[in-house]
Amino acid sequence: MAKTKTTFFCQNCGTQSAKWQGQCSSCKQWNTIAEEVIQKAEKASWDISQVNTSKAIKAAKPQKVSDISTSAQARINTQNKELNRVLGGGLVPGSLTLLGGEPGIGKSTLMLQIALELPYKTLYVSGEESAQQIKMRAQRIHPQSEHCYILTETKTQQIFRNIAQMQPDIVVIDSIQTLHTDHIESSPGSISQIRETTTELIKFAKETATPVILIGHITKDGNIAGPKILEHMVDTVLQFEGDRNHIYRILRANKNRYGSTSEIGIYEMQGNGLREVSNPSEILLSKNEEELSGTAIASTLEGMRPLLIEIQALVSTAVYGTPQRSATGYNAKRLNMILAVLEKRAGFKLGTKDVFLNITGGISVDDPAIDLAVVAAVLSSNVDITIDKTMCFAAEIGLAGEVRPVNRVEQRILEAEKLGFESIVISKYCKLPKQTYGIQIIKLGKVHDVVKHLFA
Ligand code: TYD
Ligand code: MG
């Protein structure tokens with residue numbers, strides 16, 4: 001019998017080393033090196049030549065950029081506008097797409113839905129659920145589909161054998177952490193298994209020009225579980241995020257070899273699957289008729305998309321010695337900075353107050369352009385005076401208490417105008433190309449002016 005061969009892998013970055021070490025020599029993390037069994041089988045038990053290779057990319061030779069035809073890269077329309085937008089127009093033949101996200105966020109639901117709606121022969125390989133469970137889910141999402149095939153299998157050799165037989169146009173793998181190859185003996189989900197099975201899938205995708213979508217688990221700090229190298233190997237890394245307790249989900253591209261990473265897709269989780277949200281602002285603004293203090297609307301950009309979001313603040317007298325500061329969907333350090341600016345530059349004594357901040361809809365925003373709306377919401381709650389519901393804000397706050405201009409301000413103004421807002425507060429230093437808008441533009445230069453304008 002052949003001697004069992006083992007090697008050591010860093011569970012954090014995937015670096016391979018010949019012996020155990022306390023600290024990884026590559027990523028400098030401690031106690032991340034683990035031993036894994038690797039043993040090469042003599043020969044692969046599947047044969048890629050059985051797979052239809054008529055669409056395959058031929059052996060490469062140098063050619064002029066101008067001579068390369070783009071029609072060979074025609075994208076596959078996924079029938080899902082939000083996904084198409086994030087991918088940069090659709091799935092590229094022969095590409096590997098990795099979809100990551102927290103457990104229960106809806107990765108399997110999204111991919112099954114895409115598989116059911118596609119007019120192409122799609123193979124959905126699941127290592128996590130039984131065929132009956134998938135069928136139950138499929139019935140809720142999309143009762144009829146003639147093109148979607150389900151395979152519950154985790155061994156790559158078996159998967160390739162099935163692929164060779166049915167010749168699908170698109171393959172979905174749920175999930176990469178459950179796959180297992182005969183070539184290596186370590187358990188599914190280990191670094192060497194993930195690396196090897198992904199390599200096999202890349203080989204398959206490139207040789208047959210079939211797009212493959214992988215679902216990946218993430219670790220508790222939000223990275224895709226497995227070696228970092230996995231993200232380097234695939235063409236596109238998508239992240240599915242959102243608060244599990246809220247119904248909205250955001251799909252974004254962290255890496256995209258075939259398009260921009262600044263586009264996002266927004267979905268709403270419903271009883272019958274994920275609904276595409278083409279006008280996100282309308283759902284993120286509450287339909288509350290009565291005016292409430294502590295609420296302000298910000299015109300923000302998520303990727304390239306303008307979005308109007310509602311910010312709520314609650315300022316109350318602290319009961320305990322140390323006032324509480326809590327922010328949901330907004331950077332807590334930035335909230336502290338803004339409170340300090342208000343204290344120093346506008347004379348509000350917030351040091352003895354509890355301040356709670358929340359962005360409605362469960363989304364989280366790191367666009368600095370919502371600073372001014374945060375200021376407005378905090379002040380509004382503090383003095384208990386409502387802010388006009390037809391007004392919105394788009395500016396950053398500087399440490400000197402200045403209202404700073406933000407990028408793409410025109411796009412933000414136009415979105416506010418489109419949604420029927422009557423006025424928007426921006427920085428007076430903004431340069432606007434066009435001077436006539438159907439919305440009143442209020443230009444302010446200092447936090448102090450904001451206070452005067454809102455509550456005078
Ligand atoms: P799932 O796709 O299983 O998550 P993941 O694969 O990312 O772990 O999503 C599970 C959640 O989605 C579950 O909590 C129920 C919810 N859901 C709906 O609300 N509506 C639906 O139609 C479906 C299929 C799921
Ligand atoms: Mg799942």
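Residues numbered from 1 in each chain as written. Chains lettered and ligands numbered in written order. Predicted model: local features only at pLDDT ≥ 70, side-chain atom pairs only at ≥ 80, totals over all residues. Heavy atoms only, no water.

Ligand 1 sits among 15 residues. The nearest are Gly104, Ser108, Thr109, Gln270 and Gly273. Here an oxygen atom of ligand 1 and a backbone polar atom of Gly271 are 2.8 Å apart. With the chains in place, 73% of the 560 Å² that ligand 1 exposes on its own is no longer accessible. At three residues, helix H2 (residues 107–117) tops the list of elements feeding residues into the shell around ligand 1. (Near = heavy atom within 4 Å. Polar contact = N/O pair within 3.5 Å; in protein donor to acceptor, adjacent residues only side chain to side chain. Areas by Shrake-Rupley, 256 points an atom, 1.4 Å probe, with all protein chains shown as cover. Helix = DSSP H or I, 4+ residues; strand = E, 2+ residues; numbered from the N terminus.)

Our focus in this paragraph is the packing of aromatic side chains. All chains considered together, the criterion is met by two aromatic pairs. Residues Phe160 and Phe204 carry aromatic rings whose centres are separated by 5.5 Å and whose planes lie at 55° to one another, so their mutual orientation is tilted. With Phe160 in helix H4 (residues 156–166) and Phe204 in helix H5 (residues 191–208), this pair connects stretches of sequence that are 44 residues apart. Residues Phe160 and Phe204 agree in their burial class; the two are buried. (Phe/Tyr/Trp six-rings, centres within 6.5 Å; stacked < 30°, edge-to-face > 60°. Buried < 20%, exposed > 50% of the residue type's maximum accessible area, 1.4 Å probe, protein only.)

Our next topic: the pairing of strand S8 (residues 212–217). Judged by how many residues are buried, S8 sits mostly within the fold: five of six residues are covered. As paired elements, strand S4 (residues 96–101) and S8 share six bridges and run parallel to each other. The residue of S8 that forms the bridge with Gly101 is His217. Pairing between strand S7 (residues 170–174) and S8: four bridges, direction parallel. When the sheet's bridge partners are listed, Val172 is paired in S8 with Ile213. Read as a crossover between parallel neighbours, the route from S7 over H5 to S8 is right-handed. (Pairing = 2+ DSSP bridges. Right-handed = clockwise from strand over helix to strand, strands pointing away.)

Bringing helix H8 (residues 332–345) into the picture now. Taking 1.5 Å of rise per residue, the 14 residues of H8 would be expected to cover 20 Å, and the 20 Å separating its terminal C-alpha atoms lies within 8% of that figure. If you follow the buried residues of H8, they end up packed against strand S15 (325–328), strand S16 (353–359), helix H9 (371–383), strand S18 (396–397) and helix H11 (447–455). One side-chain oxygen at the N-terminal end of H8 lies 2.9 Å from the backbone nitrogen of Lys333; it belongs to Asn331. Of the residues trailing H8, Gly347 is marked for its positive phi of about 75°. (Expected span 1.5 Å × (residues − 1). Contact = heavy atoms within 4.5 Å.)

Glancing now at the sheet that holds strand S1 (residues 6–10). To summarise the sheet geometry, strands pair through backbone hydrogen bonds and adopt either a parallel or an antiparallel arrangement. Taken together, three strands build an open sheet; the order of strands is S2-S1-S3 and the sheet is antiparallel. Single-partner strands in this sheet number two, and they are strand S2 (16–17) and strand S3 (33–37). Across five bridges, the pairing between S1 and S3 is antiparallel. Residue pairing for S3: Phe9 is matched across the bridge by Ala34. The strands that H5 touches are S1, S2 and S3; relative to S1, the one it contacts most, it runs at about 90°. (Axes fitted to C-alpha atoms, helices over the stretch in contact; angles between N-to-C directions.)

A few words now on the domain arrangement of the chain. Domain annotation for the chain reports domain 1 (6–37), domain 2 (77–278) and domain 3 (283–455). On a C-alpha basis, the centroid separation for the pair domain 1 and domain 3 is 47 Å. (Domains from an automatic or database assignment.)

Let us look at the pattern of salt bridges. Close approach of charged atoms lets side chains of opposite charge pair. A complete count under the given rule lists 15 salt bridges for this structure. A salt bridge links Glu82 to Arg305; its shortest N-O distance comes to 3.0 Å. On the criterion of sequence distance, the pair formed by Glu82 in helix H1 (residues 81–87) and Arg305 in strand S14 (residues 305–317) is long-range, its members being 223 residues apart. Residue Glu82 is classed as buried on the basis of its relative accessible area, which comes to 1%. With a closest N to O distance of 3.1 Å, Glu302 and Arg252 form a salt bridge. Pair noted here: Glu302 is in strand S13 (residues 295–302) and Arg252 is in strand S10 (residues 248–256), with a separation of 50 residues, a long-range link. Where salt bridges share partners, they join Glu82, Arg85 and Arg305 into one cluster. (Salt bridge = Lys/Arg side-chain N within 4 Å of Asp/Glu carboxyl O.)

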